[in-house]
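So the chains spell out like this:
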Amino acid sequence: MLSTLFTDAGPDTGIAAALETAGAVDDGLLHGFARIDEDRAAALAALAGAFSGSPLRESVAEAVDKIVAGSVADDHLFALAAARIALFGSVHDALLARADAALGRSRADWHGERQDGDRPAAAATPVLGGARSWLRELAITGWRGVDHDLVAAAGQATEAALGDPGLRRLAVLLDGLAAELRAGSPIATMDPVPLRRWADLWSRALLLARESRRSAPAETVTGRLYVLGTDVHEHPTAVQVQVHGVLEVTGAPTRLVRASVSAAKVDTIVGPAIWRLLAGHPMLLTALAEHRALDLTDMPLLAGGDLIWRDAQARPGDPADPFTTARVHLGAALAPATPPLERHPVRIAEPVLVEDLAAVTLDTTRLPACGPLTPAAVSAATAAIGLLRWDDGAWTVQPLGVQATVKKKPVGVHTGDWALGPADAKAAKSAGEAVEVLRERAGRLLRK
């Protein structure tokens, strides 16, 4: 039962030890790998020792020796980033196994390709080199030494990466990290420094900037997608809407899947206005706003459970209440395997149905401003659909939708209810004005 995750007492010593070992990289990034004292050298040696029986043994040991000796090269930083990601991956696996046991959830095995897959186009090579150069300077300098000039140096690499659709994920990572460093400056006096978060971004960006790239395995599926809920990831310069659902395909097990759509934005576009940025996906938005199933035809599906969303290959179908979907389908749905580079505790986001809200910890800090779901609505709820997460050593549930009894009838409120605009006409007009004004001004500039 889900409640067992919230009643287990005491920390897991294995998880704590793995996180402490990974802290050697985090601390090195704080002070800079150009300045390694005895304590940090000992922590890095312990990191190398933790991999003495793994395939990373030689590369991590060599990286630690070279860095302690004062030589910091890309390969050495790659090895540290890979070691850190592997440690967090082990924590992810342990936590997810515990969650699956509590939920009685079956999970597919990973059958993806190996990491030594396709190489990027030759045109991308200098772009990747520029990204690696900036990330290397960050590692050598350390967060405490970052200044405005070093943050500004990310601009050229980010702009170049944005010009290549295959490097869009790297570009967003670089842009986000640079924005957070800029907002935190002067970091020398910042307290506390978000060590783990910035090290996560740095490690992932560095591995994405390698000159070898894995091709994500995909299949095409034709079937019916039932929406469970919508999560919104918003940044001043980008927004992503991630839809969690259950996929029915004839002759195959029912599966848990995700569908994500993204858009660039400016920091003045907030609240319900962000849906206007996603107007190029009308089928998906209609299904969210009207609570309908989606009939998919030959939609690509990655091994990690992510649909590569193509709106033209989807059509809104019959009405489908998310709570009915959760009660009927969620318990038996097969969960996807997690791709190797996605294995991190923060990535755990398992759809769950909670009908005993007192038995779990609900996290309302993640509720986006683009929908009608508010802390007040959550507090009045009798049931919730949410994402099970592990954050800072504790399990929480992030609500995606709630159900309450009003005049003896169940009434639901969901994050995606305003996908076609707020119900209030005045609010809907206001939500669209910011986007339309910016588009008009952009068009005027282009005409000039």
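In what follows, the structure referred to is the one given above.
Bear in mind the structure is a predicted one, so any value in this text is a computation, not a measurement.

Topic: the overall build of the protein chain
Here's step 1: Along its length, the protein chain carries 14 helices and 10 strands.
Here's step 2: In the protein chain, which comprises 448 residues, the share counted as buried stands at 46%.
Here's step 3: For the protein chain, the proportion of contacts with a sequence separation of at least 24, taken over those separated by at least 6, is 71%.
Here's step 4: As displayed, the protein chain has an accessible area near 21,100 Å², and 54% of this comes from carbon and sulfur atoms.

Brief notes about the pairing of strand S10 (residues 409-414)
Here's step 1: Summarising the sheet, strand S9 (residues 394-406) and S10 pair through six bridges and their orientation is antiparallel. By the bridge assignment for S10, Thr405 is matched with Pro410.
Here's step 2: What sits between the antiparallel neighbours S9 and S10 is a turn of two residues, in which Lys407 has the positive phi angle 55°.

What about helix H10 (residues 195-208)?
Here's step 1: Counted at 1.5 Å a residue, the expected span for H10 with its 14 residues is 20 Å, and the 20 Å between its end C-alpha atoms agrees.
Here's step 2: Among the 14 residues of H10, 10 are classified as buried, and the element is accordingly described as predominantly covered.
Here's step 3: Listed in full, the buried residues belonging to H10 are Trp198, Ala199, Asp200, Leu201, Trp202, Ser203, Arg204, Ala205, Leu206 and Leu207.
Here's step 4: Of the surrounding elements, those touching the buried residues of H10 are helix H2 (13-31), helix H5 (74-103), helix H6 (125-141) and helix H9 (168-184).

Describing the packing of aromatic side chains
Here's step 1: All told, the structure shown has one aromatic pair when counted by the stated rule.
Here's step 2: The ring centre of Phe78 lies 4.7 Å from the NZ or CZ of Arg210, which sits over that ring.

A short note on the sheet that holds strand S7 (residues 350-354)
Here's step 1: Taken in spatial order, the four strands of this open sheet run S7-S8-S9-S10, and their pairing is antiparallel. Unpaired on one side and paired on the other, S7 and S10 mark the two borders of the sheet. Along the sheet, successive strands turn relative to each other by an average axial angle of 35°, direction set aside.
Here's step 2: Pairing of S7 with strand S8 (residues 383-391), which is carried by five bridges, proceeds in the antiparallel orientation. Of the residues in S8, the one forming a bridge with Pro351 is Leu387.
Here's step 3: Across the sheet, helix H12 (residues 322-329) is in contact with S7, S8, S9 and S10; its angle to S8 comes to roughly 70°.

With respect to the packing of H9 against H10
Here's step 1: Between H9 and H10, the least distance of the axes is 10 Å, while the angle of their chain directions is 150°. The pairing of H9 with H10 is recorded here as roughly antiparallel in orientation. Relative to H10, the crossing made by H9 is left-handed. Between H9 and H10, the residues in contact are Arg169, Leu170, Leu173, Leu174, Leu177, Glu180 and Leu181 and Arg197, Trp198, Leu201, Trp202, Arg204, Ala205 and Leu208, respectively.

Description of the pattern of salt bridges
Here's step 1: Counted by the stated rule, this structure contains 23 salt bridges.
Here's step 2: Among the salt bridges present, the one from Asp295 reaches Arg224, with a minimum N-O distance of 2.7 Å. With Asp295 in strand S4 (residues 292-302) and Arg224 in strand S1 (residues 218-235), this residue pair connects regions lying 71 residues apart in the sequence.
Here's step 3: Overall, the relative accessible area of 28% leaves Asp295 in the partly exposed class.
Here's step 4: Connected through shared salt-bridge partners, Asp100, Arg105, Arg107 and Glu350 make up one network.

Concerning the nonpolar core
Here's step 1: Grouped together as the largest cluster of nonpolar side chains are 82 residues, with contacts concentrated most on Phe33, Trp134, Trp143 and Trp202.
Here's step 2: Broken down by element, the residue count for this core peaks at 13 residues, all from H5.
Here's step 3: In contact with Trp143, other than residues within four places in its own chain, are Leu29, Leu30, Leu138, Leu177, Leu181, Ile187, Val193, Leu195, Trp198, Ala199 and Trp202.
Here's step 4: Leu225, Leu277, Leu301 and Trp309 belong to the second largest nonpolar core, which has 32 residues in total.

Describing empty space enclosed by the protein
Take a probe with the size of a water molecule and roll it over the atoms, and the empty space left behind shows itself.
Here's step 1: For the structure shown, the criterion picks out two cavities of 30 Å³ or more.
Here's step 2: The volume enclosed by the largest cavity comes to roughly 90 Å³.
Here's step 3: In terms of lining residues, the largest cavity is bounded by 15 residues, among which Val227, Leu288, His291, Pro322 and His414 are the most central.
Here's step 4: Those elements that provide at least two residues to the lining of the largest cavity are S1 and helix H11 (282-290).

Comments concerning the packing of H5 against H6
Here's step 1: Running from N to C, H5 and H6 point in directions that differ by 75°, and their axes come no closer than 11 Å. By the angle class used here, H5 and H6 are roughly perpendicular. Contacts between H5 and H6 pair Asp74, Leu77 and Phe78 from the former with Arg132, Arg136 and Ala139 from the latter.

Scoring rules and cut-offs
Residues numbered from 1 in each chain as written. Predicted model: local features only at pLDDT ≥ 70, side-chain atom pairs only at ≥ 80, totals over all residues. Heavy atoms only, no water. Helix = DSSP H or I, 4+ residues; strand = E, 2+ residues; numbered from the N terminus. Buried < 20%, exposed > 50% of the residue type's maximum accessible area, 1.4 Å probe, protein only. Contact = heavy atoms within 4.5 Å. Areas by Shrake-Rupley, 256 points an atom, 1.4 Å probe, with all protein chains shown as cover. Pairing = 2+ DSSP bridges. Expected span 1.5 Å × (residues − 1). Phe/Tyr/Trp six-rings, centres within 6.5 Å; stacked < 30°, edge-to-face > 60°. Lys NZ or Arg CZ within 6 Å of the ring centre and 35° of its normal. Axes fitted to C-alpha atoms, helices over the stretch in contact; angles between N-to-C directions. Parallel < 35°, antiparallel > 145°, perpendicular 65-115°, else oblique. Left-handed = near helix turned anticlockwise from the far one by under 90°. Salt bridge = Lys/Arg side-chain N within 4 Å of Asp/Glu carboxyl O. Core = buried A, V, L, I, M, F, W, Y, C linked by side-chain atoms within 4.5 Å. 1 Å grid on protein atoms, 1.4 Å probe; cavity = no way out; pocket = protein on both sides within 12 Å on 5 of 7 lines; lining within 4 Å. Points joined across faces, edges and corners; volume = space filled by probe spheres on them.

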